[in-house]
Amino acid sequence: MKKIKLSTILNILTAIILLIIVFLTIVLARKGLFNSVESIQTFMKKFGWWAWLTFIIFQIIQVVIPIIPGGLSLLAGVLLFGPVMGFVYNYIGIVLGSVCAFIISRIYGRGFMIKIFGIEKYMNYNHWLKNKHFSKFFALAIFFPVAPDDFLCYLAGLSTMRFREYICIILLGKPMSILLYSLGLAYGFDFITKYI
């Protein structure tokens, strides 16, 4: 019997989780939860500190095991907790997840990374590791919100980059991309709920 690849398992998990999200969204929409952003935030306040703690843990996991698109979880943070606290919880979760990804990659190496993302994606970026300016490329990619951040955090773990340098790049580079992504998606969602 053939071994099932980790990347295949992750793809199946992604599909299952997206189906669950769609199902829950439909159920909650029928109950009027999505009539406004305020109604969503009022609903979340009922759960107290469990809500933000669970969300931060979720953000850490979704960076380490990228099962759903990061943009969706960023939008969720802003919708659930508002623009300020949503940004804070997104930032904490993503920074901690990014640190975990780097450490996992450094400990378990290239093979583990390939199992998660596949050989093709790895080979597309492998040449970056040989470049002496990898740290600069990495910093720019982390700063802009369009790069595959989770993958790049794992890739950085395979590089010669020092952990201290990595932490500085993540701490300073993530806020802008998280802010741009979060607010862009939140305004887009607000526009859709009001005018469509």
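Shown above is the structure to which this text applies.
Residues numbered from 1 in each chain as written. Predicted model: local features only at pLDDT ≥ 70, side-chain atom pairs only at ≥ 80, totals over all residues. Heavy atoms only, no water.

A. Examining the overall build of the protein chain more closely. What the protein chain contains, in helices and strands, is 9 helices and 0 strands. The order of helices and strands in the protein chain, counted from the N terminus, is α-α-α-α-α-α-α-α-α. A burial count over the protein chain gives 38% of its 196 residues as buried. Look at the contacts in the protein chain between residues 6 or more apart in sequence, and 75% of them connect residues 24 or more apart. As displayed, the protein chain offers around 11,900 Å² of accessible surface, 72% of which is attributable to carbon and sulfur atoms. (Helix = DSSP H or I, 4+ residues; strand = E, 2+ residues; numbered from the N terminus. Buried < 20%, exposed > 50% of the residue type's maximum accessible area, 1.4 Å probe, protein only. Contact = heavy atoms within 4.5 Å. Areas by Shrake-Rupley, 256 points an atom, 1.4 Å probe, with all protein chains shown as cover.)

B. Seen up close, the nonpolar core. Among the nonpolar cores identified, the biggest contains 31 residues, and F138, Y154, L155 and Y166 are the most heavily contacted of them. Put simply, the parts of the chain that give this core at least two residues each are α3 (49-64), α5 (83-117), α6 (119-130), α7 (134-143), α8 (149-158) and α9 (163-195). Looking at which element gives the most residues to this core, the answer is α5, with 9 residues. Discounting residues that sit within four places of it in the chain, L155 has contacts with M113, Y122, Y125, W128, L129 and F134. (Core = buried A, V, L, I, M, F, W, Y, C linked by side-chain atoms within 4.5 Å.)

C. Molecular detail of a nonpolar patch on the surface. A contiguous nonpolar surface patch, about 520 Å² in accessible area, is contributed by L140, F143, F144, M176, L179 and L180. For the nonpolar patch, the secondary-structure elements that each account for two or more residues are α7 and α9. By the element assignment, L140 lies in helix α7. (Patch = residues over 30% accessible without salt bridge, like charges linked within 9 Å, V, L, I, M, F, W, Y side chains within 5 Å. Salt bridge = Lys/Arg side-chain N within 4 Å of Asp/Glu carboxyl O.)

D. Layout of the packing of aromatic side chains. Following the criterion strictly, the structure yields 14 aromatic pairs and no others. Geometrically, the ring pair formed by W52 and Y89 is stacked, given 5.7 Å between the ring centres and 15° between the ring planes. With W52 in helix α3 and Y89 in helix α5, this pair connects stretches of sequence that are 37 residues apart. The partly exposed category is assigned to W52, whose relative accessible area is 33%. For Y89, a relative accessible area of 12% puts it in the buried group. Relative to F137, the ring of W128 has its centre 5.9 Å away and its plane inclined at 40°; by these criteria the two rings are tilted. Judged by its relative accessible area of 36%, F137 falls in the partly exposed class. Ring pairing ties together the aromatic residues F117, Y125, W128, F137, F151 and Y154, which thus form one cluster. (Phe/Tyr/Trp six-rings, centres within 6.5 Å; stacked < 30°, edge-to-face > 60°.)

E. View of the packing of α5 against α6. Put simply, α5 and α6 touch, their axes get as near as 7 Å, and they point 120° apart. Judged on the interaxial angle alone, α6 and α5 are oblique. For the pair α5 and α6, the contacting residues are R110, M113, I114 and F117 in the first and I119, K121 and Y122 in the second. Here the contact of α5 with α6 is built from residues that sort into 5 nonpolar, no polar and 2 charged. (Axes fitted to C-alpha atoms, helices over the stretch in contact; angles between N-to-C directions. Parallel < 35°, antiparallel > 145°, perpendicular 65-115°, else oblique. Nonpolar A, V, L, I, M, F, W, Y, C, P; charged D, E, K, R; others polar.)

F. How the structure looks around the pattern of salt bridges. Enumeration according to the criterion identifies 1 salt bridge in this entry. For K174, the salt bridge identified is with D149, shortest N-O distance 2.8 Å. Taken together, the residues K174 in helix α9 and D149 in helix α8 connect sequence positions 25 residues apart. With respect to burial, K174 and D149 carry one shared label: buried.

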